Every structure is written in C-alpha cells, then in structure tokens.
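# Architecture at a glance
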Amino acid sequence: KADAYGHGAVPISRHLCELGAEFLAVSNLEEAMQLRRGGIRRPILILGYTPPGRAALLAANSLIAALTEGEYARCLSKAACDAGVTVRCHVKLDTGMNRLGVVGRPVERAVAEIEGMLALEGLQVEGIFTHFAASNWEDGDFTARQFETFTEVLGRLRDRGHALPLAHCCNSGGVVFHPECELD
C-alpha cells in the first residue's frame, strides 16, 4: 500500500514474488490494478472498500475483494450476478481495529452475518481475515484478545460446516511479536 511506502509497489511486489511471496495485499482497487498492469499475477487481496459496481473489473483481473459487512456483500453479489461474473472474496472480521469488517462480538451474530455472505451467488469466499490493531507492542494482551475472537468465530464456522480455505491475521507486528498467531 501507499506505493510500497514510497519504494515503488511494482518493483517491491516483483521482488517479494521472487523471494517466494504467494499472495499480496493492497489498500484499494487502484493499487491492485497498478500491480496487474505491472505484470504481477499472484493473488491480490484488496483490504479496503471496492465499489460493488466494479465487480466485473475485479473478476476480469482475478482480484479479491474484502467483504466488510452483509449489506456490502449483498450489493457486490447483485453486481456480480448482473455482470455474469464471480468475484473472489475474503471476509473481513473486525476483532478490535474498529475500522472495517463484520463486528466479531457477539460471536453468534458475527457467524450469522458471515453465513449470510457465504450463501450469496456471484461470490466465491476463499478466506477470512482480521487486522491486529496493536501487534507491534510487546504487551500482547489486546492482540491475544483479538486472536481469541478470530479463532472463536473460525471454530463456530467450522462447527457449522464452513471451513474457509484461508484464515489470516498477522500484519508485520504480528509476524515479529506474535508468531503464535500465524495461520495460513
């Protein structure tokens, strides 16, 4: 995001792919398209909002949208069906960042909202993720609570027959300070 923090998104992405990165994430559709135009073919998750009317562009470029709440998912589903495409998606679960995502507590409400998303046509839900708000702090209590919420929602979804192929949560701070939280 932010042109790889000023280092050049395309060259940094190429280098990361050469080092073995299998998956990339960006902030918005414009950044994802910049990588596609630059020849990057790895999966790209757009972490922020993408207008539902861009469903055909998402599908044509094999980009992955973040499903942040039920109403957005329904709008994206309708746009995808209207365009005759399927949009790849990951569910964004808000476990404490308080910015975007299905609110993780109460867990049963979060699970019900996610189940509604999973039932929508035109969407291929391939994963679920959260974002740690304070993982770069060595005091990991808040991160531990976020991870507990995330894994509780994952467990309830699995118990109901919804095993999503990918689950991820570690940002840079999570990788350094909380390796116990690394998932897929």
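Let me sum up the structure you'll find in this document. If you're wondering where the values come from, they're calculated on a predicted model, not measured in any experiment. (Residues numbered from 1 in each chain as written. Predicted model: local features only at pLDDT ≥ 70, side-chain atom pairs only at ≥ 80, totals over all residues. Heavy atoms only, no water.)

Attention shifts here to the nonpolar core. Formed by 45 residues in total, the largest nonpolar core has its most connected members in Leu 67, Leu 76, Val 87 and Ile 128. When near neighbours in sequence (up to four residues on either side) are disregarded, Leu 67 contacts Tyr 72, Ala 73, Leu 76, Cys 89, His 90, Val 91, Lys 92, Met 117, Leu 123 and Val 125. (Core = buried A, V, L, I, M, F, W, Y, C linked by side-chain atoms within 4.5 Å. Buried < 20%, exposed > 50% of the residue type's maximum accessible area, 1.4 Å probe, protein only. Contact = heavy atoms within 4.5 Å.)

Among the structural elements, Val 153 can be located in helix α7 (residues 141–159). Residues Val 153 and Arg 105 lie 48 residues apart in sequence; the distance between their C-alpha atoms is 9.0 Å. Setting aside its immediate chain neighbours within four residues, Val 153 contacts Leu 93, Gly 104, Val 107, Ala 110, Val 111 and Ile 114. (Helix = DSSP H or I, 4+ residues; strand = E, 2+ residues; numbered from the N terminus.)

Mapped onto the fold, Thr 149 is located in helix α7. Since its relative accessible area comes to 6%, Thr 149 is described here as buried. Thr 149 has contacts with Thr 95, Gly 104 and Arg 105, leaving out every residue within four places of it along the chain.

Attention shifts here to the side chain of Gln 146. On the secondary structure map, Gln 146 appears in helix α7. Of the polar contacts made by the side chain of Gln 146, one reaches the side chain of Thr 95; its length is 2.9 Å. Here Ala 133 takes part through its backbone nitrogen, which lies 3.0 Å from a polar atom of the side chain of Gln 146. For Gln 146, the residues in contact, after removing those within four places along its chain, are Thr 95, Gly 96, Met 97, His 131, Phe 132, Ala 133 and Ala 134. (Polar contact = N/O pair within 3.5 Å; in protein donor to acceptor, adjacent residues only side chain to side chain.)

Owing to its 3.6 residues per turn, the α-helix aligns residues three or four sequence positions apart on the same side. Within helix α2 (residues 9–18), burial applies to Ala 9, Val 10, Ser 13 and Cys 17. The arc that holds the buried residues of α2, viewed along the axis, is 90 degrees, so those residues lie on one side. Next to the buried residues of α2 lie α1 (2–6), β1 (24–26) and α3 (29–37). A positive phi of about 115 degrees marks Gly 20, the residue just after α2. (Arc of directions from axis to C-beta.)

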